[in-house]
Every structure is written in structure tokens, then in C-alpha cells.
Amino acid sequence: LWSECWCCESATLLLQLVAQGQLDMEGALTARDRVGIQDFVLLDETTEAAFLSNLKKRFSKDLIYTYIGTLLVSVNPYKELDIYNKKQMDIYMGVNFFELPPHIYALADNAYHTMLTEFNNHFILISGESGAGKTEASKKILQYYAVSCPSTTLLNTVRDKMLMSNPVLEAFGNAKTLKNDNSSRFGKYMDIQFDGQGDAVGGHILNYLLEKSRVVHQNHGERNFHIFYQLVEGGSDDLLHQLGLERGCQHYNYLTQGQCAIVQSINDKNDWKTVKNALQIINFDETHLFEVIASVLHLGNVRFDSDSKGHALLNNNTELHWLLGVDAHRLQEGLTFRKIEAKKDQVLSPFTTDHAIYARDALAKAIYGQTFTWLVNRINESMENKDPSRKTVIGLLDIYGFEVFYVNSFEQFCINYCNEKLQQLFIELTLKSEQEEYEAEGIEWEPVQFFNNKIICDLIEEKHRGIISLLDEECLRPGDATDLTFLERLEEKMGNHPHFVTHKLADKMTRKTLERGDFRLLHYAGEVTYCVVGFLDKNNDLLYRNIKDVSLQLILCQIKMCFRLYCKYRRRPETVVTQFKSSLQKLTEILMAKEAWYIRCLKSNESKQSGQFDEALIRHQVKYLGLMEHLRVRRAGFAYRRKYDVFLKRYKPLCPATWPHWRGVAADGVEVLVQHLGYLPDEYKMGRTKIFIRHPRTLFATEDAYEKCKHELGECQLMIEKILLIESCWRGTQARKEKEKRAWAVKVIKKFIKGYMTRGQAKNTDNSEYLAFVRQNYLNRLRDNLPKTVLDKTTWLTPPAVLTETSEMLRKLHYRLMVRKYVRGITPQKKAQFQMKLITSSIFKGKKDSYPQSVAHPFADSRISEEDINPRVIQMIRNERIKYCVPVIKYDRNGFKPRQRQLILTQTAVYVIEEAKIKQRVLYTSLKGISVSNLTDSTIVFHITREEPKQKGDLVVQCDHLFELLTKLCVIANKQNAIKVVQGSINFEIQAGKGGAVDFSTGPEPMVYKAKNGHLMVVTCQNPALLCHSRISLLMCQKTLNGS
Ligand SMILES: Nc1ncnc2c1ncn2[C@@H]1O[C@H](COP(=O)(O)OP(=O)(O)OP(=O)(O)O)[C@@H](O)[C@H]1O
Ligand SMILES: [Mg+2]
């Protein structure tokens, strides 16, 4: 349960919501018995009756929203529901679409989050008939984004402008109609631009087909655009005076035709304040704008009389003065004469009164139409985001739904054409996305049975053959084209089209339902009969040439530019329907590049009453909005699909193998689960990430089973709650500890860094701890890395600056200590050795090349044991005490023949012994000097003072233990100063007056031989590794001298 809870991302939120009583823990499914089904896709029967019954059930409980998959159906409640507050917004923010009851916020939030995660563009298409709640829905979405998106001061101004564009556009583009007191008389597409962080940073509006005819004519019970009433009712006295207006709508022809200028449900004075405030926020200088509005009102009051010939005459021209900047005379002329250009001449042909009224109204419509376009452009400028970085957008399309009146005219034709196009778009996008999902999930696509309305779109818009082309042809062709000739053309061309019928083409039965001037189209949503009267005029929307010229004089600076462009356009402008067609084409392109979300608004009753569910009216709308078609497409193949993990999470209590935990892959768990539940192979398909269930009844059976074991889960939930509480406390404590630890660490690290930076300074509060640390650290490291022997001079750690002095002292101490330990550890024998070695060093160090190699070899007491000395010799010299014996090679003084001898040092003399014979005795007193070479050889020359001529000459020997022998000799005979290390040759005396010499040199091999000059030549090895004090070298020397 524990891990279960944590892997459920929204568990905590849901528990909170359950605790607050805001939400039933179960999603759409469990609520179905109480308040109908929250998603029509789950209806077992896809009949219209079942659809309506579900809608009614929910509406009766004020549940106005229901899904068809991700499409939202909304029924106008005609009362304020407490579901649009901040609390509700918070509930829906970032929560999965199907986890909460249907709401417009859920759709807005999902579009927003999908946009952020997938970084792509979206649009929300809001459609429905007049008064169904489209504009309210789009406002709710804007408000949701205003609250839920991140905000900054800068963004708030953008956001304010976007929100404030609504009342302004509503004032100029909405009017009271019989169906809706605030009916939008234009189509509106608004892009809200978001940056990468999800901030709303800009906006752009496209407007479609403003119902300009309302400016000059309103049906009974309807009004002109709100702004006119707001101005004359709410405008200040000063402003009205300035504009030449009087307070009260009754003074103006254009405001009184519907005979309902004042309505209870509309407060023009308050609305005026709202609009003024909104204009300020959008940064408008509104004076000129109101001058245009006033001009239209004045124009409406221009009346005509007819003279005796029936030509129109201006009744009085006081009103004309208020048409600012226009030459009254020319205007008067423009309104009462038609200018005909014949070659270079211009002829004025007088109007009848009807023509004059037509010209006046055309001008008024043109002025208002252009002003509206200009206004939208200005709003766009104010909301524009100039930052070039990439943005994603959510487009809101609030556009007229299908319209079917008792008499349907050109306007309904355009509107219904627009709806056909949007249905086509929906089919393409929905089928495409369904198909893509099947493909992504690896499920075979099954063809869907639905009606494709492309045939109707073609009927209307096909080039050269469609209704629009034929209408344009009739408008443009010379001659007496009329609405009826247009109808005839239609009959000619469309004669046997299955979706087109006229009185003439119809069979007997149908003919009864058609007038002669009617044509009927079988739209995807049903039949609509259009009356052709006015089609040509409305499509032409012509302004007489001289009226255009007059309009050129309008110096109202804001609209001057756009008006001038319009008027200067000498070529005949495109017809209304063609303009509309191309704007729809553009809109389709805009929408095709985005991901679609749909809101279908339904009007609950005609009398705008709350709580009334007019079944007939709603059935009609369900049909015309194509909701059943939509449901069919959505239900195509599989009614229900969910991600494996979501499905498993909900239904795993139903199978012992998956409850409480399924340890493997979610898809396998789902397979085990549905097998356990007995799903038949045809009832479901396993996709890559989702399970697809064909019939809702399969799902409901599963859901019913789930309901049964729910109470057990309830207990589990209580446990989960407690576990969560304990866990959160525990985690809290842990986190607090961690926080303290981190804070401490931050402090220490900061101090350390500061200490490091000031380490060179004298000790202060910033660096004292750092320096102490450095000291301790150095000493600790030093302790572990002290040199182990006195001879090791390299491993002493380099100290930090603060410890240089200390380190030096410690180093000395340590070495002294090691020396002391060493000294204490040596034996008297070793000490004697060292003293001897010390003497050797003082004589030879740095002088003789073989000295360094000798250091490591300890001196022996003697190199020949007494047993190896002939007893006779011992006998002879016993009383002198033998101190040291060593084998040597003695070279004859003449000829340098080598001879093996023993050299014995006694207390008083050196003896050269051959077996039992003492060959030579040299008293220390007569030993005047000892010479050795500076090379690596081991030749010694003893220089002897001869007291008598017969006495033997100097002694030349070679001794492997040269250093030992000479050191012993020094100690015994105190001859330290007598030893000479000579460079070059050593001269010696062979006998009195006869000298000899030993020459020394280096070579690749050691050799001793008699040189041609009669000297003894000693060649030493260059390579110290082959030093000739070895036995081998000695033998070689002998060999050389023996001549071999
Ligand atoms: N969700 C809602 N809650 C309460 N009242 C609503 C809601 N939606 C619409 N209404 C009521 O219905 C009226 C008409 O709604 P709205 O102006 O949005 O219709 P519309 O579909 O835009 O119509 P039109 O096509 O004429 O512009 C609103 O003025 C409001 O009184
Ligand atoms: Mg509207």
C-alpha cells in the first residue's frame, strides 16, 4: 500500500479533495448511476434518445458539462453556477482530464499542459447556435489562463489587454437579437501566445464576417450594436455636445427600428464605463473612434424627399455638418446622384429616394465595417508580442454555429458554409488522430462508418461549378442579373446533385415545402432552405463611386488610412462570399497546423430561462452540431482506451494475481487481470501502451465488480492516509535535519573559502580556523609520512607557508632522533668499524675513484686466518704481534713479474711473506710514504727509506682490500699523512739510484703489463661495475704479465 500510494502521483491531491468533500474519489465511471454518464463514449447505445436522456439527467442536477471523449458538450444553464471560482480553478490545475468531473477548466488545462509538454500549437473550437454560450465559454477559458498561468507585472499588462479586448469587441461587434441579448455578430478567432515557461505573452485576433446590415436595419425586438446605445446613454454631456448628439436613443433612426432600444437585461450606462475603462487599458485615444460612431448615427438621420420627377432631394442637411470633415455639398451630391463615367465625361444621374436611402445605408455600413476592422487591428497592435523567440499558441475560435431560421438568407448561407468547413476539418483531424493513435499503438485500423460532408463543401465552394462561383458570376456579369437568374443558374448546374433541391427540381411532396425563390441544401447537419432574395446585393456590397469619393474626404485620422485604401481600390473589390471563402481557407490552414479541442454549446431553451430543458430544441441542436456523428467517429472501433498503468491501478483489486501489487510490467498485469475477468478476445485489444475496450458494457461490468469491493478499499484508504501522515512526518523530520546539516556545511565551506583567500594574511577571525585546519592537516600528514631512515632526505613533506619554520625545526628534531636511535643501537665492533671507515673517508673520499664502492663493504679483522700463515713465519714474528694479514700480488721491481704473497702487519713492521719465508720486512719507521692512483685500480706503492744500499727498494703490490689494508696500516703505524693519492704515474725506487714507475690509464678491460717504456702499466676499467679489485681481474693481470 505504501509504495502504491507513492507511485500514484495525484493520490495526495485526491485525498485532499476527498477530505474537503470536493470530489468523489472515483472518476467518471462511478458517477454514471447517479448523474448520468460523464462521457458519452461510454453510452451503451449510441442513439439520439439515449444521448438526450443522459444530457437531461445531468442538466437537471446542474451538471452542464459532459464529454464525448475529449470533446466538451456544454448546455447553457441560464443561471450563475458556483463552478467558476478560484477554488474550482485550483482543483483542475494540472490534473488528468478524466480524473475529475467534466469541466471547461479541465479542457483548458489539458490543452495548456499538452502544449507545454509537447511544445506544439492548439486550438479550441467553440461552436453552437446563437445564445448557446460560446462567448461565455471563451471568456471562461481566458479567465482560467489569466489565473492559472505564471504571472509577472509585464505579463499582467498583456493579460489585462487580452481580457479587456473582450468588452471592447463585444461593444462594437455584439448586439441584442431575439435569440441572445449579447449576440456576437462576427466570428472571432483569438490566438493566445505562450512562451516556453507557459506565460501568456501576447495575442492576436482574426475577425470574420461582421453583420454590417445591422447598422442600418434591425428586426423587431433586436438592437443595433451595443456601442451606439452605450454612447448616447452613457456618454458625458460634453462628449455628446462635441459630437452633436442628443442623449436618448429615440433621436436616431438607426437605433429605433427594432423598437427595443432600452432593455432590462442590458445596462448601457454601466457597460459604457466598462468599455471606456477597457479602451484606456488597451491605450486607445477613443475620441476619434466616437466621432465615427456619431457620424453613422447622423447619417442614419439623413432623410430624403422626392421632387416632382421622383428624384431624391435632401430633406435638410443639418446632419451632414456633423459628418466630420466631409464637404456637405459633395456628400449631398453623392447621396442623391449617381456618377456615371462615359469615356472622359462624367454624367450625374439622379437617384430615386430608394436609391438614395440605399446609398446612405451603404455608406453607413462601409464606415462601420471599416471602423471595426481598424479596431481589431489596433487591439492586435496593443497585444502584439515583438519578441522573436518561438511561442506556442492556443487559439480560441468563437464562431457562429449552424443557423436555421424560418427564412434563411445570404448570411445563414455563409454561416452554414463555415460550419460545413469546420465539420470537414473536424473529420480530418479526428480521424487522423484516431488513425495515428491506432498506428502508434500497433492496432489494426478498422474503417469507420460516418458521413463525410466533403460532397457538400464541394457543392458550395468548388471552382467554376460551386454555388459560390455561380453567385459571383451572376454578380459580375453584365446585363440584368437578379437573384432569380442566379437561382436559374443554380438549377441548371446543380440539377441532379443529391444535396441540392429547388421548387423546380423537387418531387411533388418536397415541392410543397419550397417557395419558388428558394433553394434547399442538405447540410451534414440537416436540411436548410434558403431564400435567394438579396443574395446578389449582399454579395456585391457595393458603394456607389461618388460615395466612395466622398468618403475619401473623411479625415478621421484613425480610420483614414484603411478607408482610403479601401476606396482607392479602383478595381472592383472581391465579393463578400469570395472574401469569406478565402478567409475560411486561411482559417482552415491555421487550424490544420494545430491540435484540436472542441466545445459544443447547446442552448437549453428559447426563453432564456434557467432549469428548462427544451428537448425538441436540444434534439435539433444535437443534430445540427453533428454530435451524434462526432460520437460515432469517437466510438469507431473501441469505445474506451486507457494507459495500462492507469487501468491496472484502478482495477487491480479484482484479481488476486494483481492485488495488492503487480510486480511486473503493467501491460502483463492488465492481460492477467482481463483474463481473470473473462474478457473475450473480440472485446479488447492490447496496444503498445494502452488497452482498447470495444464496448462500454464490458467496462461497466468491470466497474460494477470494482464497486463491490470498494468498501474494502475504503479501509485501505484510511490506512493509506495514516501511513501517509506518518511518512510525511518522518520525511519532514529527515528533511529538517538535512536542512540543518546543509546550512552548517554551507557555513563551513564559506569560512573555509574565505580562510583560503586570506591565508597569506596575519591570523585574523577570517583565517584563524582555516590556518588551524591547515596546520593540523599538515602535522597529521607528516606524522604518517615521516622519513624512515636517516639517509632518506627526500620524503619530508613540503610545509604550508605558516609552518615553514616549524617544519624545519621538526625535520631537524626528527633526524636527530633517528640519529640518536641509530647511534644507540650500534655495537662497539661496529663503532670501531665506523671509526676506521671515517679514517678511510678522510684519506680517500673524493680522491680515489673506487672509494665510493668500498664504503658499503665492512672491514674484516684479517683476510688470512693464522692457520693459513706458515707456522715458521708466525714463530719468527710472534713477539711483534700480528695485527692484520692480507693476500697481495707483489710485482718484481725488475720486470714486474707478479708474485702471490701474504702481507702481514705487525705492531712494528710490514712483512712480505712467501710461504715460510719472510721476503721483506719494512719497519714502519722506514716507511716514508705510500702512493696509490686516483683511479679504480688497487695498486699500492710503499716508499721505503733505505738505511743501507743493499736493502730492497720500494714495494709495488696489488691488493684487493686496498682501503682496508691502508686504513689498518694508518691505525697501526699512524701513517695517515704518509698516504698520497696520485694522479698520473707513481715513481718508485728499484734500488739506490735506479727508479721505476707505474703508469695508470683507463681502458675497456683491466690489465697490468710491462709497457715498452719499462714502466708498469696498470689499465683500469672504465666501467666501475668491472672494478679490478675482483679476483678475476687479478688473475687477468697475472695472465697479462705472464705474457699469455
Ligand atoms: N456557462 C454559463 N453559465 C451561465 N450563463 C451562461 C453560460 N453560458 C451562457 N450563459 C448565458 O447565456 C447568454 C448567451 O451566451 P453567449 O453570449 O455566450 O452566447 P453565444 O453562443 O456567444 O451566442 P452568439 O452566437 O449569439 O454570440 C449569456 O449572456 C449568459 O447569460
Ligand atoms: Mg457570442
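Being a predicted model, the structure only gives us computed values, none of them experimental.

Draft legend 1. Looking closely at the coordination of the magnesium ion (ligand 2). Listed as protein donors to the magnesium ion (ligand 2) are Thr135 (OG1) and Ser184 (OG); their distances from the metal cover 1.9 to 2.0 Å. Of the two residues, Thr135 is situated in helix H7 (residues 134–148) and Ser184 in strand E5 (residues 183–184); the sequence distance between them amounts to 49 residues. Look at Ser184 and you get buried, because its relative accessible area is 17%.

Draft legend 2. Quick peek at helix H6 (residues 104–118). With 15 residues, H6 should reach 21 Å at 1.5 Å per residue; the first-to-last C-alpha distance of 21 Å fits that figure. Residues Ile104, Tyr105, Ala106, Leu107, Ala108, Asp109, Asn110, Ala111, Tyr112, Thr114 and Met115 constitute the buried set of H6.

Draft legend 3. Broad picture of the pairing of strand E30 (residues 1007–1010). Pairing between E30 and strand E31 (residues 1016–1021): four bridges, direction antiparallel. Bridge pairing in E31 links Tyr1009 to Met1017. Two successive antiparallel strands, E30 and E31, enclose a turn made up of five residues, where Gly1014 displays a positive phi of approximately 85 degrees.

Draft legend 4. Main features of the side chain of Thr967. Relative to the elements of secondary structure, Thr967 occurs in helix H37 (residues 962–973). Sequence-distant contacts of Thr967, defined by excluding residues within four places in its chain, comprise Met836, Ile839, Thr840 and Phe859.

Draft legend 5. Spatial organisation of the site of ligand 1. With respect to spatial proximity, 17 residues lie near ligand 1, and among them Ser130, Lys134, Thr135, Ser183 and Ser184 are the closest. Contact between ligand 1 and Glu136: an oxygen atom at 2.8 Å from a main-chain N or O atom of the residue. Measuring from an oxygen atom of ligand 1, one finds a side-chain N or O atom of Asn180 at 2.9 Å. In the complex, 87% of the free accessible area of ligand 1, which totals 630 Å², lies under the protein chains. If you list the elements that add at least two residues to the shell around ligand 1, you get H7 and E5. It is H7 that provides the largest number of residues to the shell around ligand 1, a total of three residues. Residues of the shell around ligand 1, tallied by class, amount to four nonpolar, nine polar and four charged.

Draft legend 6. Structural view of a nonpolar patch on the surface. Taken together, the side chains of Ile749, Ile753, Tyr756 and Met757 present a nonpolar region at the surface, about 430 Å² in accessible area. Under the relative-accessibility criterion, Ile753 is labelled partly exposed at 44%.

Draft legend 7. Focus on the environment of Arg600. Summarising the element assignment, Arg600 is placed in strand E16 (residues 595–602). Its relative accessible area of 5% is what places Arg600 among the buried residues. Taking the C-alpha atoms as reference points, Arg600 and Gly626, 26 residues apart in sequence, are found 9.5 Å from one another. For Arg600, the residues in contact, after removing those within four places along its chain, are Leu71, Leu72, Val73, Ser74, Leu125, Ser127, Gln423, Phe426, Leu625, Leu627 and His630.

Draft legend 8. Region of the structure containing the pattern of salt bridges. Enumeration over the complete set of coordinates arrives at 48 salt bridges. A salt bridge links Glu964 to Arg863, with the nearest nitrogen and oxygen atoms 2.2 Å apart. In this pair, Glu964 sits in helix H37 while Arg863 sits in the loop between helix H35 (851–855) and helix H36 (871–877), placing the two residues 101 residues apart along the sequence. For Arg863, a relative accessible area of 32% puts it in the partly exposed group. Here Lys890 makes a salt bridge to Asp892, at a shortest N to O gap of 3.6 Å. For Lys890, a relative accessible area of 8% gives the class buried. Under the relative-accessibility criterion, Asp892 is labelled buried at 14%.

Draft legend 9. Expanded view of the nonpolar core. Ile124, Tyr145, Phe228, Phe519 and Phe647 are the most contacted members of the largest nonpolar core, which has 191 residues in total. With residues near it in sequence (within four places) discarded, Phe228 still touches Val215, Leu255, Ile293, Val296, Leu297 and Tyr368. Ile839, Val886, Ile930 and Leu969 belong to the second-largest nonpolar core, a separate cluster that totals 30 residues.

Draft legend 10. How the structure looks around the sheet that holds strand E26 (residues 955–958). Pairing is mixed across the open sheet formed by eight strands, whose spatial order is E23-E22-E21-E20-E26-E25-E24-E27. Each end of this open sheet is capped by a strand with a single partner; those strands are strand E23 (917–923) and strand E27 (979–982). For this sheet, the mean inter-axis angle between neighbouring strands, taken without regard to orientation, is 35 degrees. Of the pairings in the sheet, the one linking strand E24 (residues 927–933) to strand E25 (residues 939–944) comprises five bridges and is antiparallel in character. If you follow Ile930 over to E25, its bridge partner there is Phe942.

Draft legend 11. Region of the structure containing the sheet that holds strand E15 (residues 526–531). Taken in spatial order, the three strands make up an open sheet running E13-E14-E15, and their pairing is antiparallel. What marks the edges here is a single partner per strand, and that holds for strand E13 (500–502) and E15. Here the strands of the sheet are splayed against their neighbours by 25 degrees on average, with no regard to which way each runs. Sheet topology note: the strand E14 (residues 518–523)/E15 ladder contains six bridges and is antiparallel. Counterpart to Arg520 in the pairing with E15 is Thr529. Of the strands in this sheet, E13 and E14 are in contact with helix H18 (residues 454–461), which crosses E14 at around 150 degrees.

Draft legend 12. Summary view of the confidence of the model for the protein. Chain-level statistics for the protein give a pLDDT mean of 85 and a share of 89% at 70 or above. Averaged over each element, pLDDT in the protein is lowest for helix H1 (residues 2–7) (28) and highest for helix H10 (residues 226–234) (96). This stretch, residues 1–33, has a pLDDT under 50; its non-local contacts, to residues over four places away or in other chains, come to 63 contacts. Here residues 555–559 scores under 50 on pLDDT; set against residues more than four positions off or in separate chains, the count is 13 contacts.

Draft legend 13. Spatial organisation of the UniProt feature "binding site: ATP" (unreviewed entry) in the protein. In the numbering used here, UniProt assigns the feature "binding site: ATP" (unreviewed entry) to Gly128, Glu129, Ser130, Gly131, Ala132, Gly133, Lys134 and Thr135. Within the fold, Gly128 resides in strand E3 (residues 122–128). Among residues more than four places away in sequence, those in contact with Gly128 are Lys134, Ile399, Tyr400, Gly401, Cys601 and Leu625. Accessibility expressed as a relative area gives 13% for Thr135, which makes it buried. If sequence neighbours within four positions are ignored, Thr135 has contacts with Glu170, Ser184 and Asp398. A distance of 2.8 Å separates polar atoms of two side chains, one belonging to Thr135 and the other to Ser184.

Draft legend 14. Broad picture of the packing of helix H19 (residues 467–476) against helix H20 (residues 483–494). Closest axis-to-axis distance for the H19/H20 pair is 10 Å, and the angle between their directions is 140 degrees. Of the possible angle classes, the one that applies to H19 and H20 is oblique. Crossing of H19 against H20: the hand is right-handed. Across from Ile467, Leu470, Leu471, Glu473 and Glu474 in H19, the residues of H20 making contact are Thr485, Phe486, Arg489, Leu490, Lys493 and Met494. Grouping the amino acids of the contact of H19 with H20 by side-chain chemistry returns six nonpolar, one polar and four charged.

Draft legend 15. A look at the pairing of E26. Covered by surrounding structure in E26 are Leu955 and Val957 together with Val956 and Gln958, the residues of both alternating faces. Strand direction decides the pairing type here: E25 and E26, joined by four bridges, are antiparallel. Its bridge partner lying in E26, Phe942 is registered against Leu955.

Draft legend 16. The arrangement of the packing of aromatic side chains in detail. Under the defined criterion, the tally for this structure stands at 33 aromatic pairs. Ring centres of Phe225 and Tyr368 lie 5.0 Å apart, and the angle between their planes is 15 degrees; on these two criteria the pair is classed as stacked. On the criterion of sequence distance, the pair formed by Phe225 in the loop between helix H9 (213–216) and H10 and Tyr368 in helix H16 (residues 353–383) is long-range, its members being 143 residues apart. Like Tyr368, Phe225 is buried.

Draft legend 17. Structural view of unusual backbone geometry. Non-glycine residue Gln259 carries a positive phi angle of around 55 degrees. With a phi close to 50 degrees, Glu915 is a non-glycine residue in the positive phi region. Tracing the backbone shows Glu915 in the loop between strand E22 (909–914) and E23.

Draft legend 18. Representation of the environment of Glu136 in the model. Secondary-structure assignment places Glu136 in helix H7. Between the C-alpha atoms of Glu136 and Asn76, which are 60 residues apart in sequence, the distance is 9.5 Å.

Draft legend 19. Region of the structure containing a negative patch on the surface. Judged by side-chain charge, Glu118, Glu436, Glu439 and Glu595 come together as a negatively charged surface patch. Mapped onto the elements of the fold, Glu118 is located in helix H6. The exposure class of Glu118 is partly exposed, given its relative accessible area of 45%.

How each quantity is defined
Going along each chain's sequence as written, the residues are numbered from 1 onward. Starting at A for chains and at 1 for ligands, labels are handed out in the order in which the entities are written. With pLDDT at 70 or above as the cut-off, local features in this predicted model cover only qualifying residues; side-chain atom pairs require 80 or more to be listed or tallied, and sums for whole chains, interfaces and linings still use all residues. In computing side-chain values, all of the structure's heavy atoms are included and hydrogens and water are not. The donor set covers N, O and S atoms within 2.8 Å of the metal, switching to 3.2 Å for Na, K and Ca, and it leaves out water, so a site may look short of donors. Here a helix means four or more residues in a row that DSSP labels H or I, a strand means two or more in a row labelled E, and each is numbered from the N terminus. Here's how the labels work: a residue is buried when its accessible area is under 20% of the maximum for its type, exposed when over 50%, partly exposed in between, all with a 1.4 Å probe on protein chains only. Expected helix span is given by 1.5 Å per residue-to-residue step, counting one fewer step than there are residues. Any two strands with at least two DSSP-identified bridges between them are counted as paired. Here, two residues are considered to be in contact whenever any of their heavy atoms come within 4.5 Å of each other. Throughout this document, a residue counts as near a molecule or strand when at least one of its heavy atoms sits within 4 Å of that molecule or strand. For this analysis, a polar contact is any N or O atom pair within 3.5 Å, provided that within protein one partner can donate a hydrogen and the other can accept it, and provided that sequence-adjacent residues contribute only side-chain to side-chain pairs. For the accessible areas, the method is Shrake-Rupley and the probe is 1.4 Å, while residue cover comes only from the protein chains on display. Residue polarity is assigned by list, with Asp, Glu, Lys and Arg as charged and Ala, Val, Leu, Ile, Met, Phe, Trp, Tyr, Cys and Pro as nonpolar; anything else, Gly included, falls into the polar class. The residues that make up patches have over 30% relative accessible area and no salt bridge, and they are joined within 9 Å when like-charged or within 5 Å when they are Val, Leu, Ile, Met, Phe, Trp or Tyr. Put simply, a salt bridge is a Lys or Arg side-chain nitrogen that is within 4 Å of an Asp or Glu carboxyl oxygen. Take the buried Ala, Val, Leu, Ile, Met, Phe, Trp, Tyr and Cys residues and link them wherever side-chain atoms come within 4.5 Å; each set so joined is a nonpolar core. Axis angles are defined between N-to-C directions and span 0 to 180 degrees, where every axis is a line fitted to C-alpha atoms and, for a helix, only to the segment in contact. The pLDDT value tells you how sure the predictor is about a given residue, anywhere from 0 up to 100. UniProt positions are given in the numbering used here, feature names are shortened, and annotations may be inferred rather than shown by experiment. Angular relationships are summarised with four words: roughly parallel below 35 degrees, roughly antiparallel beyond 145, roughly perpendicular across 65 to 115, and oblique for the angles in between. Each helix crossing is assigned a hand: it is left-handed if the near helix lies turned anticlockwise from the far helix by less than a right angle, otherwise right-handed if that turn is clockwise. In this scheme Phe, Tyr and Trp rings, the latter by its six-membered ring, pair at centre separations within 6.5 Å, and the angle between planes marks the pair as stacked below 30 degrees, edge-to-face above 60, and tilted otherwise. Note on charges: Lys and Arg go in the positive column, Asp and Glu in the negative column, and His and the chain ends are not counted at all. Every charge is mapped to an atom, namely NZ of Lys, CZ of Arg, CG of Asp or CD of Glu.

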